[in-house]
Amino acid sequence: MILELDCGNSFIKWRVLKSSKAAATLEGVVGSDVALIESLLAIPGLLLTRCRLVSVRASEETEKLVKALESAFGVAVSCAVSAREMAGVRNGYDEFERLGLDRWLAMLGGFKLASGACLVLDFGTAATADFIAADGEHLGGFICPGMPLMRNQLRTHTRKIRYDDAAAEQAIERLSPGRTTVEAVERGCTLMLRGFVLTQLELAKSYWGENFTVFLTGGDADLVKDAVPQAQFVPDLVFVGLAMACPLS
């Protein structure tokens, strides 16, 4: 069995495959290294043989997790690393190692699935957009605060903005002007994300006309999918790229 991990700024997304070519049989999201180990140890009959991961965390944090996995399961852990070029995609950053690994892997996955020009939109802690031309050239991208950052900044810096997650979820069932603070904040932030999406689409069209594929990924992609109905929603796009960056054959 193969363990795959996407270690983000806020959560660790994990899934278990029976083989490198099989679909995920188990998956989940946890908030800490300890919770990850506990969740995996609680799975009956789990016998891990390999592990691969991508991490945007500090190297010390990533190394601590790798050691914990090796100790708990006795597996070799492969970690994705930056590259100037891979699988036909050329990193567009001047300093290629500064491009976030999650973005890089999502780009690899998107280009493979599209077999041509693509726009990759990822909605997690941050919202990101990356443009990959038909020849594999990464033209660059954009980063802005995602829903969690926008929401938390308003909660932190505005004393009267206080509400729980249940109220937030209910507030975005529609996008009419809010009549409560939670409605105004949640709907306003959602509309900002949708505006971000529409701007990226217009830019992509200026490059490639209609000849490109749009991919949506990340935990908050549902908030914007109505604004881009032609997009392909691929929640595990980073894992598609991870398999390319860390082949286990």
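Quick note: structure is the one above.
Residues numbered from 1 in each chain as written. Predicted model: local features only at pLDDT ≥ 70, side-chain atom pairs only at ≥ 80, totals over all residues. Heavy atoms only, no water.

1. Things to note about the packing of helix 1 (residues 33-41) against helix 2 (residues 59-73)
Running from amino to carboxyl end, helix 1 crosses helix 2 at an angle of 20 degrees, the nearest separation of the two axes being 11 Å. The angle between helix 1 and helix 2 places the two elements in the roughly parallel class. Here helix 1 and helix 2 pass one another in a crossing that is right-handed. Across the interface between the two elements, D33, L36, I37, L40 and L41 of helix 1 pack against E61, L65, A68, L69, A72 and F73 of helix 2. Here the residues of the contact of helix 1 with helix 2 sort into nine nonpolar, no polar and two charged. (Axes fitted to C-alpha atoms, helices over the stretch in contact; angles between N-to-C directions. Helix = DSSP H or I, 4+ residues; strand = E, 2+ residues; numbered from the N terminus. Parallel < 35°, antiparallel > 145°, perpendicular 65-115°, else oblique. Left-handed = near helix turned anticlockwise from the far one by under 90°. Contact = heavy atoms within 4.5 Å. Nonpolar A, V, L, I, M, F, W, Y, C, P; charged D, E, K, R; others polar.)

2. Here we look at the sheet that holds strand 5 (residues 76-79)
Strands pair in a sheet through their backbones, by hydrogen bonds, and they do so in one of two ways: parallel or antiparallel. If you walk across this open sheet you meet the five strands as 3-2-1-4-5, and the pairing is mixed. Because the sheet does not close on itself, it has two edges, and the strands there are strand 3 (24-30) and strand 5. The mean angle between the axes of side-by-side strands here comes to 20 degrees, regardless of whether they run parallel or antiparallel. Set on the sheet, helix 2 makes contact with strand 1 (2-7), strand 2 (12-17), strand 4 (50-55) and strand 5; between it and strand 4 the angle comes to about 165 degrees. Together, strand 1, strand 2 and strand 4 form the strand contacts of helix 7 (residues 237-245), whose direction differs from that of strand 1 by roughly 120 degrees. (Pairing = 2+ DSSP bridges.)

Spatial relationships are all this shows, so hold off on functional conclusions.
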